[in-house]
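One-letter residues, chain by chain:
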Amino acid sequence: MRLSDLMQGIRCECLQGDMDREISTLVYDSRKIEKDSVFVCICGAVSDGHDYVAQAAEKGAAAVVVQKDVAVDGSVAVIRTEDTRLALAEMSAAYFGHPARELTTIGITGTKGKTTATYMVRSILEHSGYKTGLIGTIEMIIGDETIPAANTTPESYVIQETFRKMADAGCQCVVMEVSSQGLMLHRVGGFVFDYGIFTNLEPDHIGPNEHKDLNDYIRCKSLLFRQCRYGIFNADDSHLAKIMEGHTCEVETYGFSEQADLRAQDVHLFDRGGVLGVAYHLSGKLDMDVEIDIPGTFSVYNSMTAIAICLHFGVRPEVIKESLARIHVKGRVELLPVSSKFTLMIDYAHNAMSLESLLTTLREYHPRRLVCLFGCGGNRSRDRRFQMGEVSSRLADLTIVTSDNPRNEEPQAILDDIVTGVKKADGAYISIIDRAEAIRYAIEHAEEGDVIVLAGKGHEDYQEICGKKHHMDERELVADVVKDGNFIR
């Protein structure tokens, strides 16, 4: 591929060398530079690619793409652009032959619900005969291949490479989670989404390494709707007006609002012997009853998100109903069929906001007892521990404090911080530092009518201790307890 073709349409200036030359590879990691590579210098949180231009020249790179002044050997082409992250996205799209043009692209953004909604969309489309790839927090799915995810929204090069693999594998569609960081860092640059979806927004990801304030968080989320052809929005969210500012897409809405294009009515919760779910009636663009074996009002929103998207593909109502009735998402209010006498679930809730939302939802099912087992990660804010402890003690009847990912901290010190928060409310609690033993305690001491939630780990299948990840899957820990059978069935 010629460098001039790779840079076509990108606002840039060639400061040195010749752009009319063949290149071998496109890289943004200096360790992967080889002869005739184009090296894009990215300013990262840990290192700056501009510090490696001399190394790029030594390795025989054909060109470097920069946004800062650099000094480099005269045989290397130096191309300057305003934002190398945006340039990487656009170059990656060209490098892989613009694969997004061969797929119907669906991007879902919001504080909560992205993961569940993407799986719902994929399930419905797959059952309708549309081969659909997925990019999200848990994994990437390319045809029959599943790859564990490193980021919610991968780097732009990885996205374009994945799109190419999906198109080559015969995928017709791709549904992906789009994080605010992904939008801010141009990871989804270089193409236009066919559909952009907004689920909801709450204060989150605000801090020195993410967004400086709520307005910046909202601004980044809203960028998706200047980069999609069709926008589907939660009509009930209080931040909707700001999210829609400057949008360039056609608009459709869903929610409980009478003004929504797709509306939910007559919501009722159900408990079928350890299985919690929700049912409702849908009106507006589609008239039908919906039932899902995932508890809570947020499940209504997630399913409406999926339905609103899939209606654009002409999916039949009966296929939608069948797909939603059997949807399960790993680590997202994931019900484990342990006993008909009590309910046991795994959820990724790992901060005070998500834990409060989850426990408040489960309270609506009027359990005999609500039991919450959780820990907090090491080398993270201590405030999170106090806050989660207080939330659990206030909303759960019994809190079981245990380890999560202690990382490089002493596990007992983390538990002590959580208990400090627990004591701010009046819920009963017990501390069991070993997570396997804590889970065993929760199941073996379950009472009829209990709802037990194992919070914080979700889809993770490891425990990080002193910089090393040790295999630990809560589903396996539960299975070990079930095998022994020392609990009510």
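S.K.: How should I be thinking about the overall build of the protein chain in this particular structure?
M.R.: Counting secondary structure elements, the protein chain contains 15 helices and 24 strands. Compactness check: the protein chain gives a C-alpha radius of gyration of 24 Å against a globular reference of 23 Å for 489 residues, within 12% of the reference. Overall, the C-alpha framework of the protein chain stretches about 75 × 55 × 40 Å when taken along its three principal axes. Here the protein chain holds 489 residues, and the buried ones make up 57% of them. Of all intrachain contacts in the protein chain linking residues separated by at least 6 positions in sequence, the fraction that spans at least 24 positions is 64%. If you sum the accessible surface of the protein chain, you get close to 20300 Å²; carbon and sulfur atoms cover 46% of it. Positive and negative charge centroids in the protein chain, built from 52 and 73 side chains respectively, lie 1 Å apart.

S.K.: Help me understand the sheet that holds strand 5 (residues 77-81), please; the structure alone is not making it clear to me.
M.R.: Spatially, the five strands line up as an open sheet ordered 1-5-4-3-2, and their pairing is mixed. Only two strands of the sheet have a single partner each, and these edge strands are strand 1 (12-16) and strand 2 (26-27). By the bridge criterion, four bridges tie strand 4 (residues 63-66) to strand 5 in an arrangement that is parallel. In the strand pairing of strand 5, Ala 63 is matched with Ala 77.

S.K.: Honestly, the sheet that holds strand 6 (residues 104-109) in this entry has me stumped. Any pointers?
M.R.: Strands belonging to one sheet form pairs held by backbone hydrogen bonds; the direction of such a pair is parallel or antiparallel. The strand order across the open sheet formed by 11 strands is 9-8-7-10-6-11-12-13-14-15-16, and the pairing between neighbours is mixed. In this open sheet, the two edge strands, each paired with only one partner strand, are strand 9 (145-148) and strand 16 (288-292). Sheet twist, expressed as the mean angle between neighbouring strand axes with direction ignored, is 20°. Note that strand 7 (residues 132-135) and strand 10 (residues 173-177) share four bridges and pair parallel. Its bridge partner being in strand 10, Ile 135 is matched across the sheet by Met 176. Its contacts with the sheet place helix 5 (residues 156-168) against strand 6, strand 7, strand 8 (139-142) and strand 10, and it is angled at close to 30° to strand 8. Across the face of the sheet, helix 9 (residues 297-310) comes into contact with strand 6, strand 11 (193-198), strand 12 (228-234), strand 13 (250-255), strand 14 (262-271), strand 15 (276-284) and strand 16 while running at roughly 45° to strand 15.

S.K.: Even after reading the chapter, I still don't get the pattern of salt bridges, so can you show me in this structure?
M.R.: Pairing between side chains becomes possible if they bear opposite charge and their charged atoms approach one another. Applying the stated rule across the entire model yields 31 salt bridges. Note that Arg 385 and Asp 417 form a salt bridge whose closest N and O atoms lie 3.0 Å from each other. In this pair, Arg 385 is assigned in helix 12 (residues 382-395) and Asp 417 in helix 13 (residues 411-422), connecting sequence segments 32 residues apart. Classification of Arg 385 as buried rests on a relative accessible area of 0%. Given a relative accessible area of 8%, Asp 417 falls into the buried group. Measuring nitrogen to oxygen at the nearest pair gives 3.0 Å for the salt bridge that ties Asp 484 to Arg 440. With Asp 484 in helix 15 (residues 474-484) and Arg 440 in helix 14 (residues 435-444), this residue pair connects regions lying 44 residues apart in the sequence. When salt bridges with common partners are traced through the structure, they connect Arg 368, Arg 369, Glu 447 and Asp 450 into a single cluster.

Reading the values: the criteria
Residues numbered from 1 in each chain as written. Predicted model: local features only at pLDDT ≥ 70, side-chain atom pairs only at ≥ 80, totals over all residues. Heavy atoms only, no water. Helix = DSSP H or I, 4+ residues; strand = E, 2+ residues; numbered from the N terminus. Rg over C-alpha atoms; globule rule 2.2 N^0.38 Å. Buried < 20%, exposed > 50% of the residue type's maximum accessible area, 1.4 Å probe, protein only. Contact = heavy atoms within 4.5 Å. Areas by Shrake-Rupley, 256 points an atom, 1.4 Å probe, with all protein chains shown as cover. Lys, Arg positive; Asp, Glu negative; His and termini not counted. Charge placed at Lys NZ, Arg CZ, Asp CG, Glu CD. Pairing = 2+ DSSP bridges. Axes fitted to C-alpha atoms, helices over the stretch in contact; angles between N-to-C directions. Salt bridge = Lys/Arg side-chain N within 4 Å of Asp/Glu carboxyl O.

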